[in-house]
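# Remarks on the overall topology
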Amino acid sequence: MTQRSGKFSARLALAALLATAGIGIVSAGDFKLTGAQEVPPVDTKATGMSSITIAADGTVSGSVSAPGVPGIMAHIHLAARGVNGPVIVPLTKSTNDVWEVPAGAKLTDDQMKAYQAGNLYVNVHTEAHKGGEIRAQLLPQVVQ
């Protein structure tokens, strides 16, 4: 195991432990969407930034900004890194480059467990790449 994957595993274990104790966890807004993270990888210069928040009770809020990306859809999906999965939260286009989580979006208990294990991702789909052009995993981070 590499040092990076060890830190990732430890962070996920800590987030899961704290979530069961009722301490808040969120997905911070510093996850960069890239074509390299898509499955299969997409050769694109397009990038984006996720600022999606997932609260301890499963409430989802925030947005994805993808400047210059001609997006046709954006979603939060359920799947591990390197795997494609089903849509669980469709995002709503608010401007040409920004996709918003709809008001009232909330994860189920099973989806929350998947999130705590690092198994949710967000991506933006384009006409040229209907399966997704850019993607980022939503990884839990502890908030005090």
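Residues numbered from 1 in each chain as written. Predicted model: local features only at pLDDT ≥ 70, side-chain atom pairs only at ≥ 80, totals over all residues. Heavy atoms only, no water.

## Describing the overall build of the chain
For clarity, the cut-off: Numbering of helices and strands runs from the N terminus, with a helix taken as a DSSP run of H or I at least four residues long and a strand as a DSSP run of E at least two residues long. Three exposure classes are used, based on accessible area relative to the maximum for each residue type with a 1.4 Å probe and protein chains only: buried under 20%, partly exposed in between, and exposed over 50%. Every accessible area reported is derived by Shrake-Rupley at a probe size of 1.4 Å, with residue values counting cover from the shown protein chains alone.
Regarding its fold elements, the chain presents 2 helices and 11 strands. Along its sequence from the N terminus, the chain presents helices and strands in the succession α-β-β-β-β-β-β-β-β-α-β-β-β. Per-residue burial for the chain yields a buried fraction of 43% across its 144 residues. For the chain, the exposed area adds up to about 7,300 Å²; of that, 58% sits on carbon and sulfur atoms.

## A look at the packing of aromatic side chains
Condition: Only the six-membered ring of Trp is used, alongside the rings of Phe and Tyr, when aromatic pairs are assigned; centres must lie within 6.5 Å, and planes under 30 degrees apart are stacked while those over 60 apart are edge-to-face, with the rest tilted. In our convention, an over-ring charge means Lys NZ or Arg CZ found within 6 Å of a ring centre and within 35 degrees of that ring's normal.
Scanning the model with the defined rule gives 0 aromatic pairs in all. One Lys or Arg, R135, reaches over the ring of Y121 and ends 3.4 Å from the middle of that ring.

## So, the side chain of T34
Short version of the rule: Residues are treated as being in contact if the distance between any of their heavy atoms lies within 4.5 Å.
You can see T34 is positioned in strand β2 (residues 31-34). Leaving out residues up to four positions away in the same chain, T34 has contacts with A46, E133, I134 and R135.

## Some thoughts on helix α2 (residues 109-116)
Owing to its 3.6 residues per turn, the α-helix brings residues three or four apart onto one side. Every buried residue belonging to α2 is among Q111, M112, A114, Y115 and Q116, and all of these are buried. Downstream of α2 by one or two residues, G118 has phi in the positive range, about 80°.

## Focus: the nonpolar core
Defined as follows: By nonpolar core is meant a set of buried Ala, Val, Leu, Ile, Met, Phe, Trp, Tyr and Cys residues that side-chain atoms within 4.5 Å join together.
Residues I52, I76 and L91 are the most contacted members of the largest nonpolar core, which totals 28 residues. Apart from residues lying up to four places away in sequence, L91 is in contact with I52, V64, A74, H75, I76, W99, E100, V101, P102 and V122.

## Looking at the pairing of strand β10 (residues 134-137)
Put simply, the rule reads: Strands pair, by our definition, only if DSSP identifies at least two bridges between them.
By the alternation rule, side chains of β10 split into I134 and A136 and R135 and Q137, which are all buried. Relative to β10, strand β9 (residues 120-126) is paired through 4 bridges, and the arrangement is antiparallel. Across the sheet, the residue bridging to V124 is I134, located in β10.

## Side note on the environment of N96
Its place among the elements puts N96 in the loop between β7 (92-93) and β8 (98-100). It is 9.3 Å that separates the C-alpha atoms of N96 and S65, two residues lying 31 residues apart in sequence.

## Considering the confidence of the model for the chain
For the record, the criterion: A residue's pLDDT is the predictor's confidence in that residue, given on a scale from 0 to 100.
Mean pLDDT over the chain: 85, with 78% of residues reaching 70 or higher. For the chain, per-element mean pLDDT is lowest for helix α1 (residues 3-20), which scores 47, and highest for strand β6 (residues 87-90), which scores 98. Predicted confidence is poor over residues 1-12, with pLDDT under 50, and the contacts of this stretch with residues over four places away or in other chains come to 10 contacts.

## A short note on unusual backbone geometry
Look at the link from V39 to P40: it is a cis peptide, with omega at -5°. You can see P40 is positioned in the loop between β2 and β3 (47-54).

## Re the environment of P41
For P41, the location among the structural elements is in the loop between β2 and β3. Expressed as a C-alpha distance, the spacing of P41 and E133, which sit 92 residues apart in the sequence, is 8.4 Å. Beyond its immediate sequence surroundings of up to four residues, P41 is in contact with G35 and A36.

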